[in-house]
Amino acid sequence: MMAYIEQPPTPSDEWRMPRSRAEIVTELDLCGVPLDADPTQARTLLELSGTWVSRVRVADALRYRRARLVSTVTSPDSLDR
């Protein structure tokens, strides 16, 4: 059985395609994607703003974004504020 590989849309010059996880997280923030969004919801919001990212990379960025928030909230330094 062949694995399905997502292909970017064509023509690709009409889409923003962030390259790094940091760029994807920035796009998620700019598009107002909620922290509890699933990859399908997040990807839909990104596509509505003209950004294309594969589902796997969106899922990775969402996990990273949630982990970053949790580590910020639970760090001892955040309790001093």
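Here we summarise the structure given alongside this text. All values reported here derive from a predicted model rather than from experimental measurement. (Residues numbered from 1 in each chain as written. Predicted model: local features only at pLDDT ≥ 70, side-chain atom pairs only at ≥ 80, totals over all residues. Heavy atoms only, no water.)

Moving on: the overall build of the protein chain. A tally of regular secondary structure across the protein chain gives four helices and zero strands. Going residue by residue from the N terminus, the α and β elements of the protein chain occur as α-α-α-α. Sorting the 81 residues of the protein chain into buried and exposed places 30% on the buried side. For the protein chain, the accessible surface area stands at approximately 5,900 Å², while carbon and sulfur atoms represent 57% of it. (Helix = DSSP H or I, 4+ residues; strand = E, 2+ residues; numbered from the N terminus. Buried < 20%, exposed > 50% of the residue type's maximum accessible area, 1.4 Å probe, protein only. Areas by Shrake-Rupley, 256 points an atom, 1.4 Å probe, with all protein chains shown as cover.)

Every buried residue belonging to helix α1 (residues 21–30) is among Ile24, Val25, Glu27 and Leu28, and all of these are buried. The buried residues of α1 occupy one face: seen down the axis, they fall within an arc of 160 degrees. The exposed set on the far side of α1, more than 90 degrees from its buried face, consists of Ala22 and Leu30. Packing partners of the buried residues in α1 comprise α2 (39–48) and α3 (55–74). The positive-phi residue at the C-terminal boundary of α1 is Gly32, with phi of around 70 degrees. (Arc of directions from axis to C-beta. Contact = heavy atoms within 4.5 Å.)

Each aromatic ring pair is specified by the distance between its two centres and by the angle formed by the two planes. Counted according to the given criterion, the structure contains zero aromatic pairs. Directly above the aromatic system of Tyr64 lies the positively charged group of Arg21, at a separation of 4.1 Å from the ring centroid. (Phe/Tyr/Trp six-rings, centres within 6.5 Å; stacked < 30°, edge-to-face > 60°. Lys NZ or Arg CZ within 6 Å of the ring centre and 35° of its normal.)

Here α2 has its buried residues at Pro39, Ala42, Arg43 and Leu46. Buried positions in α2, seen along its axis, are confined to an arc of 95 degrees and lie on one side of it. Where α2 is buried, its residues touch α1 and α3. Positive backbone phi, at 90 degrees, marks Gly50, one or two positions downstream of α2.

In the contact formed by α2 and α3, the axes pass within 9 Å of each other and the chain directions differ by 105 degrees. One element, α2, and the other, α3, form an angle in the roughly perpendicular class. On α3, the residues touching Pro39, Thr40, Ala42, Arg43 and Leu46 of α2 are Arg55, Val58, Ala59 and Leu62. Split into classes, the residues belonging to the contact of α2 with α3 amount to six nonpolar, one polar and two charged. (Axes fitted to C-alpha atoms, helices over the stretch in contact; angles between N-to-C directions. Parallel < 35°, antiparallel > 145°, perpendicular 65-115°, else oblique. Nonpolar A, V, L, I, M, F, W, Y, C, P; charged D, E, K, R; others polar.)

This part takes up the environment of Ala59. Position of Ala59 among the secondary structure elements: in helix α3. Residue classification places Ala59 among the buried residues on the basis of a relative accessible area of 11%.

Turning to the packing of α1 against α3, a few remarks are in order. Following both chains from N to C, one finds α1 and α3 inclined at 80 degrees, their axes separated by 9 Å at the closest point. In terms of their interaxial angle, α1 and α3 are classed as roughly perpendicular. Only Arg57, Asp60, Ala61, Leu62, Tyr64, Arg65 and Arg68 of α3 make contact with α1, whose side of the interface consists of Arg21, Ile24, Val25, Leu28 and Asp29. Looking at the contact of α1 with α3 residue by residue, the class counts come to six nonpolar, no polar and six charged.

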